[in-house]
Amino acid sequence: MSSTSGSLPILDSAAGYAPGAAPRITSLLIKPASAVCNLDCTYCFYLDRELDPYADLPHRTMTLETLERLVDTYLFYSYPNSTFAFQGGEPTLAGLPFFEKLVEFEKRYGRDGQNVSNAMQTNGILINEGWCKLFREYNWLIGLSLDGPQDVHDTYRFNKGGQGTWRRVMKTVELMQKEKVEFNILCVLNNINVGRAKDLYKFFRSINVDNIQYIPISEFFPDGSPMPFTITPEQYGKFLLETFELWWPDRRKVRIRFFDNLAEALAGQKPGACTLHETCDSYVVVEYNGDIYPCDFFVEKRWKIGNINTDSWAEIARRQRRFEFAMNKTLPRPECQVCEYENICHGGCPKFRHAQYGRFEDLDYFCEAYKMVYARAIPPLREELKKLFGRSMRPTLQNAMRR
């Protein structure tokens, strides 16, 4: 590894350090069981990928030694606010004792005044009272995958035996509500449910869910043609428009992540969704063996930026490859440069730009959908924010609202 001189690191062909100050890594997306899952969902983009660096490995579970180093080093680097988010595959396959050990390590290595947040995205199949006790005691935020009513959910979300999983997931919903575990719903929008915005909204409200994230699916064959479950930009735009009309009367008691993020952008804040950030460098992915990647959609050999067992977080943050990936979002498009919403979406998501034809310089696949809903949602959100901020709105808010 190269030495440094003054404040500028010397570029090294192996380490690939970028000069200047590095944007801090503000959160981690950790995959303790890698892409391994106990379901076999038809539309899953993650398992059995050709570019999966670990596809030939039958057993992929993070060791306690790697977990301890992860917690110790990241708590030191990220003080005073540290965020650990767990995803998969299915993270609960690492086992409840693994996560109990996580909390033990956080207690051991955390410092006075440090705020530590834990979150998990799960399919809910393995959740029981023991998991709920951990989540409730330490205030975890849980994202639970549920695509809607049974006829919708069971179209694509199967277990390894080919059976639908809706009934089991609904038991988890009831259990977490009973055990007072904080959770939100992640609903994958596909060709089956994208035309049923009203049905989905009514269903989620009927089971007392008040925090929902809709995730549009866009997967393509090698020739760029859409896979059967992929939705079109027009379908997504219409879904968001109909959902906005349903949500607006409930806006003070129901959270829809898309509209939350839009309001944050209009208010001059950094949105919770990295899709609306100016560059892609707010978080990193930690694989089961400690390998680090800049994005969950690009866990590929070419984008590996380090390993926590051999590199410090400061070194990982300064890796040239991290900067290269972050800049993919800023590649100029003539359409974006003249778009009235550019200062909100900043070119959209690199995954949605790259997915169809493998080019980061392409438009976000869902660009037209964003324009449809922004035109409808921004004016009333603007007025709502004015009420909240009063007349002393910050310039960033005023400028965003003029666009």
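These figures come from a predicted structure and were not determined experimentally. Within any chain, residue numbers begin from 1 and follow the written order of that chain's sequence. Only residues with pLDDT of at least 70 get local features here, since the model is predicted, and only at 80 or more are side-chain atom pairs given and counted; chain-wide, interface and lining totals rely on the full set of residues. The basis for every side-chain value is the complete set of heavy atoms in the structure, and neither hydrogens nor water enter the calculation.

Asks: Can you break down helix α10 (residues 320–327) residue by residue, with the values?
Replies: Turning to α10, its buried residues are Arg322, Phe325 and Ala326. Buried residues in α10, looked at end-on, bunch into an arc of 100°, giving them a common side. Here the buried face of α10 lies against β10 (283–286) and α9 (313–317). Burial status follows relative accessibility: with a 1.4 Å probe on protein chains alone, a residue under 20% of its type maximum counts as buried, one over 50% as exposed, and anything between as partly exposed. Strands here mean DSSP runs of E at least two residues long; helices mean DSSP runs of H or I at least four residues long; both are numbered from the N terminus. Directions pointing from the helix axis toward each C-beta atom define the arc. Whether two residues touch is decided by their heavy atoms; if any such pair falls within 4.5 Å, the residues are in contact.

Asks: I'd like to hear about the sheet that holds strand β12 (residues 306–307), residue by residue, with values.
Replies: Only strands that DSSP links by at least two bridges are regarded as paired with each other. If you walk across this open sheet you meet the 10 strands as β9-β8-β7-β6-β5-β4-β3-β10-β11-β12, and the pairing is mixed. Among the strands making up the open sheet, the edge pair consists of β9 (255–256) and β12. Relative to strand β4 (residues 81–86), strand β3 (residues 27–30) runs parallel, the two being bridged by 3 bridges. Paired with Ile30 across the bridge in β4 is Phe86. Lying over the sheet, helix α7 (residues 233–247) contacts β7 (183–189), β8 (211–216) and β9, oriented at roughly 170° with respect to β8. Each axis is a line fitted through C-alpha atoms, and for a helix only the stretch in contact is used; angles between axes span 0 to 180 degrees, taken between their N-to-C directions.

Asks: Lay out the pairing of β10 in plain terms, naming residues and giving numbers.
Replies: Of the two faces of β10, both are covered, the one formed by Tyr283 and Val285 as well as the one formed by Val284 and Val286. Direction of pairing for β3 relative to β10: parallel, over a ladder of 4 bridges. Within the sheet, the bridge partner assigned to Ser27 lies in β10 and is Tyr283. Alignment of β10 against strand β11 (residues 291–293), held across 2 bridges, turns out to be antiparallel.

Asks: Which residues make up the packing of aromatic side chains, and what values go with them?
Replies: Two rings belonging to Phe, Tyr or Trp (six-membered ring only in the last case) form a pair when the distance between their centres is within 6.5 Å. Interplanar angles under 30 degrees mark stacking, angles over 60 mark edge-to-face geometry, and anything in between is tilted. According to the stated counting rule, one finds 38 aromatic pairs in the structure shown. With 4.8 Å between their ring centres and 80° between their planes, Tyr214 and Phe239 make a pair best called edge-to-face. Of this pair, Tyr214 sits in strand β8 while Phe239 is found in helix α7, placing the two residues 25 residues apart along the sequence. Owing to a relative accessible area of 9%, Tyr214 belongs among the buried residues under this scheme. The exposure class of Phe239 is buried, given its relative accessible area of 1%. Counting every residue linked through ring pairs, the aromatic cluster contains Phe244, Trp247, Trp248, Phe258, Phe259, Tyr341, Tyr370 and Tyr374.

Asks: Give a description of the nonpolar core that names residues and reports values.
Replies: Nonpolar cores are built from buried Ala, Val, Leu, Ile, Met, Phe, Trp, Tyr and Cys residues. Side-chain atoms within 4.5 Å join them into one set. Core analysis: the largest hydrophobic core is formed by 101 residues, its most contacted members being Leu28, Phe99, Trp140, Leu146, Phe204, Trp313 and Tyr374. The greatest single-element share of this core, amounting to 8 residues, is contributed by helix α14 (residues 367–389). With near-sequence residues (within four places) excluded, Trp313 lies in contact with Ile25, Leu28, Leu70, Thr73, Tyr74, Tyr77, Val284, Val286, Ile292 and Ile308. Core analysis: the next-biggest nonpolar cluster, separate from the first, contains 15 residues, Ala35, Cys280, Tyr283 and Phe298 among them.

Asks: Lay out the pattern of salt bridges with the relevant residues and their values.
Replies: For salt bridges, the criterion is a side-chain nitrogen of Lys or Arg within 4 Å of an Asp or Glu carboxyl oxygen. Tallied over the full model, the rule gives 23 salt bridges. In this structure, Asp199 engages Arg196 in a salt bridge whose closest nitrogen and oxygen atoms are separated by 3.0 Å. Judged by relative accessible area, Asp199 falls into the partly exposed class, the value being 37%. Using a relative accessible area of 24% as the deciding quantity, one classes Arg196 as partly exposed.

None of the figures reported here should be taken as evidence of function without further support.
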